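Report on the structure
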Amino acid sequence: MKNLTPALALLAALACQQPTLAPAAETIDGFTNTPFEADGKWHVHDPARPQPVVVTPGATFSQGAPAPSDAEILFNGTGLDKWVNARGTPANWHTNEDYVETAPSGGGIRTIGKWADFQLHVEWASPNPPHGTSQGRGNSGILINDMYEVQVLDSYQAKTYADGQAGAIYGQSPPLVNACKPPGEWQTYDILFESPRWNAQGELVKKAVITVLQNGVVIQNHYELAGMTDGINAALPWKSLSHYPAPHAPEVFIELQDHKNPVRFRNIWIRSLHLGSNL
Ligand code: MG
């Protein structure tokens, strides 16, 4: 540094200093090159969409709830005779004790039965110890008619884009709060679903409506779906803006998603809401 003026020497000294690093901001997976949701505020799977407030649920609520007399028991630990895989052949997931576990990459399993409007009880547990991050951490889902997904994910102290976390209507509606239990603990979903309706001209006259309680906490409150879930099947590619499919019958099946992560399910039952056919 010889022959430098004092001012230049000061600048040279400053240039050699290590920069002061600000604390690293938490990175949340997501996308901003996707279409805007209908509200015009957030992209589909927007990482900036606010994370739901964390609520610690009560200890049990409906965990272990016996089925009401008019419910159909879909799984109580004794077999998968009410289920098939997507190709219609016998369900191939593994049962153990009182639960059934995804067979990663084996495809989802879906009910043989169908219901127009229903109350569904299901319990699930993500792996403990947990594996992966974001959408790769205990991902499964409650798929309705292979069109509408209530996300199953390990979102306990684990973040992903808000419209993809546990209890989200995937790609549309984040849960109102984050009521997740730790990985490995049994959690409940109590889901009320009303199927969409079309008139004889094929016009949508009633959107699908869903209410979801997770561990006894309301996380979706009579939410009107914007349409299908992106990425469930080829009809709506991943990261696309939701829209309704071609008209389908109100009677729909339930599918447990295989998202290549091991997730356990138990005590699954369903009952009709008896809303009638004139909705
Ligand atoms: Mg899923």
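Residues numbered from 1 in each chain as written. Predicted model: local features only at pLDDT ≥ 70, side-chain atom pairs only at ≥ 80, totals over all residues.

1. A closer look at the overall build of the chain
Along the chain, the regular secondary structure elements total 1 helix and 17 strands. For the chain, with 279 residues in total, the buried portion stands at 39%. The contacts in the chain between residues at least 6 apart in sequence include a share of 64% that link residues at least 24 apart. (Helix = DSSP H or I, 4+ residues; strand = E, 2+ residues; numbered from the N terminus. Buried ≥ 20, exposed ≤ 12 C-beta atoms within 10 Å, placed from the backbone. Contact = placed C-beta atoms within 7 Å.)

2. Examining the sheet that holds strand β9 (residues 148-152)
Think of a sheet as strands paired side by side through backbone hydrogen bonds, with each pair either parallel or antiparallel. Here 5 strands make up an open sheet; going across it, the order is β3-β6-β16-β8-β9 and the pairing antiparallel. Of all strands in the sheet, those with a lone pairing partner are β3 (83-85) and β9, marking the two edges. Each strand axis lies, on average, 25 degrees off the axis of its neighbour in the sheet, ignoring direction. (Pairing = 2+ DSSP bridges. Axes fitted to C-alpha atoms, helices over the stretch in contact; angles between N-to-C directions.)

3. Section: the confidence of the model for the chain
Regions with low pLDDT should not have their predicted coordinates read in detail. For the chain, mean pLDDT is 91; residues scoring 70 or higher make up 90% of the total. Predicted confidence is poor over residues 10-16, with pLDDT under 50, and the contacts of this stretch with residues over four places away or in other chains come to 2 contacts. (pLDDT = per-residue confidence, 0-100.)

4. Let's talk about the environment of Glu-203
Within the secondary structure layout, Glu-203 lies in the loop between β12 (197-198) and β13 (204-206). Taking the C-beta count within 10 Å as the criterion, Glu-203 has 9 such neighbours and is therefore assigned exposed. Between the alpha carbons of Glu-203 and Ala-246 there is a distance of 9.4 Å; along the sequence they are 43 residues apart.

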